[in-house]
Amino acid sequence: MKTALVWLRNDLRFEDQESFFKACNGFDRVVAYYAFEPKDFQKTIWGFQKTGKFRINFLLETLQALKEELAQHNISLITERRSAVDGISSWVESLNVTSLFFQKEWTREEVLISDAVCASLSDEVRIETHYDQFLFHPEDILMDIESIPQVFTAFRKKCEKYSKVKRCFEKPKPLASSSLLDTITAIPNLSDFDCSPFETHSNSAFPFKGGTFSASAHLKDYFWNTKRLSYYKQTRNGLVGTDYSSKFSPWLANGSLSARMIYWEVLQYEKEIDKNQSTYWLIFELIWRDYFKYVSLKHGNSIFQLGGILEKEYSWNSNKEVFRKWVEGKTNESFVNANMIELKKTGFMSNRGRQNVASFFAKNITMDWRMGAAYFEKQLIDYDVHSNWGNWMYVSGVGNDPRDRKFNVKMQAERYDPKGQYQKLWLQNNLFE
Ligand SMILES: Cc1cc2nc3c(=O)[nH]c(=O)nc-3n(C[C@H](O)[C@H](O)[C@H](O)COP(=O)(O)OP(=O)(O)OC[C@H]3O[C@@H](n4cnc5c(N)ncnc54)[C@H](O)[C@@H]3O)c2cc1C
């Protein structure tokens, strides 16, 4: 049986997924594979876990949902807790795989793994990779990666003027039932990662489940049922509740939703319901997401370095006690504290909150911004390597902000939380828990 292996990483969906589209249209049997890379679940150089319980839980839910969806198409999903470097070559051999498909990643840890995977395979195995996480595909942006502008607006204008978003890939037809494997691997539990089961906090701004099904239901609700999309621009700087912004980021980050899927649905909405500044603004924000992906594609490892892409030299601190107070929400700024407590308890924080706590960390208490970025990496459900490190550089004065702004946290709190409702929500409750 002509067999293809689809290696999944941050493209955990079946719909609009290039690897599945190509594999299902050329092979009798398609097998999906996901490796929980041991390194992603260990402590980092900063002394805390690389991946925290909120994202692990979301990932497990996503994989469970994907496994069920794939089974309906007679595709087995293998999941295992060892590196893909060891796993893929052994499955390739035992299943007689002739082609391996996967989404291109370009950040250092991901490249180390994909290079080692490719090196572990014989020349007879065909390897096909592709960019599948952008809104504007690299072949459609009419810019060399080296000439990606240093300023977002210039990038956005070029994309809007010269580029088109590709159509979504069609959902492949189900394969024959004989293509399912006899071997079934179970998706691990939270306890396998030394995490205890937990309840979603009652005030969480992101109480949703992982997986494409849940993402599509939320999108349908946000667009079609409640028409909140029509008010996105007015509400997007909110702080409390599930409705102020789209909340698409966790699904986008692990790929259970694609930026293209959202884009084409916005266009449909504009045709059928309403086309206004808000509907445009959601696409505008998706272009920010693309921008940070292109920035990291252009600048490589410097996005993880202290001087950032500007190679700036500032005097940074790394005092552990100061860091602990920021993490625990015990600084002298109550707006920062409320946001940090929300992040600790729910794995989510609004964009407004993120800008403020990061600016405070890097520019008020002049802490090594990479510690803050690493803590976000651990804690955020929606952690995305490009958006996280790109935004942190931006706010810390070592990235793409041409004005090198510093947020006045008190004024921000007065403007965005004038009645103190948000601060009360997280600070008061915290006293009694
Ligand atoms: C210090 C800092 C760290 C961040 N880390 C991450 C991260 O790890 N993962 C992540 O997805 N976003 C990150 N962001 C960007 C942004 O805060 C979140 O994408 C947004 O808050 C998610 O909520 P939403 O889906 O409701 O956003 P919406 O306002 O509804 O926006 C829609 C989508 O546009 C994209 N988007 C919006 N703002 C940004 C932005 N500034 N940069 C990149 N993409 C954007 C996201 O994909 C988002 O889902 C970070 C921002 C800051 C300031």
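Keep in mind that this is a model prediction, so the values were computed, not measured.

Colleague: Would you mind going over the overall build of the chain with me for this structure?
Modeller: Helix and strand counts for the chain stand at 17 helices and five strands. The globule rule puts the C-alpha radius of gyration for 433 residues at 22 Å, and the 22 Å found for the chain is close to it. The buried share among the 433 residues of the chain stands at 43%. Here the contacts in the chain between residues at least 6 apart in sequence split such that 78% fall between residues at least 24 apart.

Colleague: What is the right way to read the site of the ligand from this model?
Modeller: Around the ligand sit 29 residues in total, of which Ser 245, Ser 246, Glu 285, Asn 388 and Asn 391 are the nearest. Elements with a contribution of two residues or more to the shell around the ligand: helix 8 (249–254), helix 10 (277–299), helix 13 (351–364) and helix 15 (385–396). With six residues, helix 10 is the single largest residue contributor to the shell around the ligand. For the shell around the ligand, the per-class residue count stands at 13 nonpolar, nine polar and seven charged.

Colleague: Would you explain the environment of Gln 355 in this entry?
Modeller: By the secondary structure assignment, Gln 355 is in helix 13. In this structure Gln 355 comes out as buried when scored by C-beta crowding, with 20 C-beta atoms within 10 Å. With 54 residues separating them in the primary sequence, Gln 355 and Val 409 have C-alpha atoms 9.7 Å apart.

Colleague: Quick question: what am I supposed to make of the pairing of strand 1 (residues 3–8) here?
Modeller: Remember that side chains alternate between the two faces of the sheet whenever the strand is regular. The buried fraction of strand 1 is high, at five of six residues. Judged from the six bridges that link them, strand 1 and strand 2 (residues 29–35) form a sheet pairing that is parallel. Of the residues in strand 2, the one forming a bridge with Thr 3 is Arg 29. As defined by bridge partners, strand 1 adjoins strand 4 (residues 97–103) across five bridges and the pair is classed as parallel. If you follow Leu 5 over to strand 4, its bridge partner there is Leu 100.

Colleague: Even after reading the chapter, I still don't get the pairing of strand 3 (residues 76–80), so can you show me in this structure?
Modeller: Of all five residues in strand 3, four are buried; the element is thus mostly enclosed. Sheet analysis places strand 2 next to strand 3, joined by five bridges and oriented parallel. Residue Val 31 lies in a different strand from strand 3, and its bridge partner there is Ser 76. Handedness of the crossover joining strand 2 and strand 3 through helix 2 (residues 53–72): right-handed.

Colleague: Would you explain helix 14 (residues 369–379) in this entry?
Modeller: Since the α-helix turns once every 3.6 residues, residues separated by three or four places project in the same direction. In terms of residue burial, helix 14 counts as a mostly covered element, since 11 of its 11 residues are buried. The complete set of buried residues in helix 14 reads Trp 369, Arg 370, Met 371, Gly 372, Ala 373, Ala 374, Tyr 375, Phe 376, Glu 377, Lys 378 and Gln 379. Contacts from the buried residues of helix 14 go to helix 2, helix 11 (320–328), helix 12 (334–346), helix 13 and helix 15.

Colleague: Would you explain helix 16 (residues 409–416) in this entry?
Modeller: Along helix 16, the residues that are buried comprise Val 409, Gln 412 and Ala 413. Taken end-on, helix 16 shows its buried residues confined to a sector of 100°, consistent with a single buried face. Summarising the geometry of helix 16, the exposed residues directed more than 90 degrees from the buried face are Lys 410, Met 411, Glu 414 and Arg 415. Against helix 12 and helix 13 lie the buried residues of helix 16.

Colleague: Sorry, what's going on with the nonpolar core here?
Modeller: If you look at soluble globular proteins, the nonpolar side chains tend to sit buried side by side. Counting 110 residues, the largest nonpolar core has Leu 5, Val 6, Trp 7, Ala 32 and Tyr 33 as the members making the most contacts within it. Here this core gets nine residues from one element, more than from any other, and that element is helix 2. The contacts of Trp 7, once residues within four sequence positions are left out, are Tyr 33, Ala 84, Ile 88, Leu 100 and Phe 102.

Colleague: Any chance you could explain the domain arrangement of the chain here in plain terms?
Modeller: Accessible area lost upon the coming together of the parts serves often as the stated size of an interface. Here the domain parsing of the chain yields domain 1 (3–132), domain 2 (133–166 + 212–304) and domain 3 (305–432). Placing a centre on the C-alpha atoms of domain 1 and another on those of domain 3 gives a separation of 32 Å. Taken together, the contacts link 11 residues of domain 1 with 10 residues of domain 3. When its residues are assigned to classes, the side of domain 1 that touches domain 3 shows four nonpolar, five polar and two charged.

Colleague: Please clarify how unusual backbone geometry should be interpreted in this entry.
Modeller: The bulk of non-glycine residues show a negative phi, and the bulk of peptide bonds are trans. Residue Asp 194 is not a glycine yet carries a positive backbone phi of 60°. Secondary-structure assignment places Asp 194 in the loop between helix 5 (152–162) and helix 6 (212–225). Despite not being glycine, Lys 227 has its phi angle at roughly 55°, a positive value. Inspection of the secondary structure puts Lys 227 in the loop between helix 6 and helix 7 (232–235). Residue classification places Lys 227 among the partly exposed residues on the basis of 14 C-beta atoms within 10 Å.

About the cut-offs
Residues numbered from 1 in each chain as written. Predicted model: local features only at pLDDT ≥ 70, side-chain atom pairs only at ≥ 80, totals over all residues. Helix = DSSP H or I, 4+ residues; strand = E, 2+ residues; numbered from the N terminus. Rg over C-alpha atoms; globule rule 2.2 N^0.38 Å. Buried ≥ 20, exposed ≤ 12 C-beta atoms within 10 Å, placed from the backbone. Contact = placed C-beta atoms within 7 Å. Near = placed C-beta within 6 Å. Nonpolar A, V, L, I, M, F, W, Y, C, P; charged D, E, K, R; others polar. Pairing = 2+ DSSP bridges. Right-handed = clockwise from strand over helix to strand, strands pointing away. Arc of directions from axis to C-beta. Core = buried A, V, L, I, M, F, W, Y, C linked by C-beta atoms within 7 Å. Domains from an automatic or database assignment.

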